[in-house]
Amino acid sequence: WNFLAAWAYGRKAGENTAAITRQLQEDPRTGGRQFSARVAVVLDPQGAIRSIEIQRGTGKRKLDRDIFDTLQGAMMPEPPPPDLPQPIWFEVVAR
């Protein structure tokens, strides 16, 4: 576990959360809907989401599935450090 890698990537948490939120807003399955969810993601070395788990869902199974499908493969603004502890948790709020 590399604290400095986690801290450095965590400082960019706002950019990463914004990238996830933007992806959800631009997708027709999830855009324009109001929800709150917590997701855990595993990134590949290039910064693409390769694994996602809905930690706290919206309470709507179809919407949770749409969130999952929308984010699978999405790209973060920059790749994670190689020794970043994963998964990474994000709180996603769409209004």
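Computed from a prediction, not measured in an experiment: that's the story for all the values here.

**Describing the pairing of strand β1 (residues 35-43)**
Strand residues, when the strand is regular, have side chains that alternate between the two faces of the sheet. As paired elements, β1 and strand β3 (residues 88-94) share 7 bridges and run antiparallel to each other. Bridge pairing links Ala37 to Val92 in β3. The sheet contact formed by β1 and strand β2 (residues 49-56) spans 6 bridges and is antiparallel. Bridged to Val42 within β2 is Ser51. Linking β1 back to β2 in an antiparallel pair, the connection comprises 5 residues, with Gly47 at a positive phi of about 100°.

**Points about unusual backbone geometry**
A negative phi angle is the norm for most residues apart from glycine, just as the trans form is the norm for most peptide bonds. Between Gln86 and Pro87 the backbone carries a cis peptide bond, its omega angle lying at 10°. Looking at where Pro87 falls in the secondary structure, it is placed in the loop between α3 (61-71) and β3.

**Digging into the pattern of salt bridges**
Counted under the stated rule, the structure contains 7 salt bridges. Put simply, Asp27 and Arg29 hold a salt bridge, and the shortest N to O gap is 2.9 Å. Assessed through its relative accessible area of 34%, Arg29 is described here as partly exposed. Between Arg56 and Glu91 there is a salt bridge; the shortest N-O distance is 3.2 Å. Residue Arg56 is located in strand β2, and its partner Glu91 is located in strand β3; the two are separated by 35 residues in the primary sequence. Look at Arg56 and you get partly exposed, because its relative accessible area is 32%.

**Some points on the sheet that holds β2**
The strand order across the open sheet formed by 3 strands is β2-β1-β3, and the pairing between neighbours is antiparallel. Of all strands in the sheet, those with a lone pairing partner are β2 and β3, marking the two edges. Neighbour to neighbour, the strand axes of the sheet diverge by 35° on average, direction disregarded. Along the sheet face, α3 touches β1 and β2 and points at about 155° away from the line of β2.

Parameters at a glance
Residues numbered from 1 in each chain as written. Predicted model: local features only at pLDDT ≥ 70, side-chain atom pairs only at ≥ 80, totals over all residues. Heavy atoms only, no water. Pairing = 2+ DSSP bridges. Helix = DSSP H or I, 4+ residues; strand = E, 2+ residues; numbered from the N terminus. Salt bridge = Lys/Arg side-chain N within 4 Å of Asp/Glu carboxyl O. Buried < 20%, exposed > 50% of the residue type's maximum accessible area, 1.4 Å probe, protein only. Axes fitted to C-alpha atoms, helices over the stretch in contact; angles between N-to-C directions. Contact = heavy atoms within 4.5 Å.

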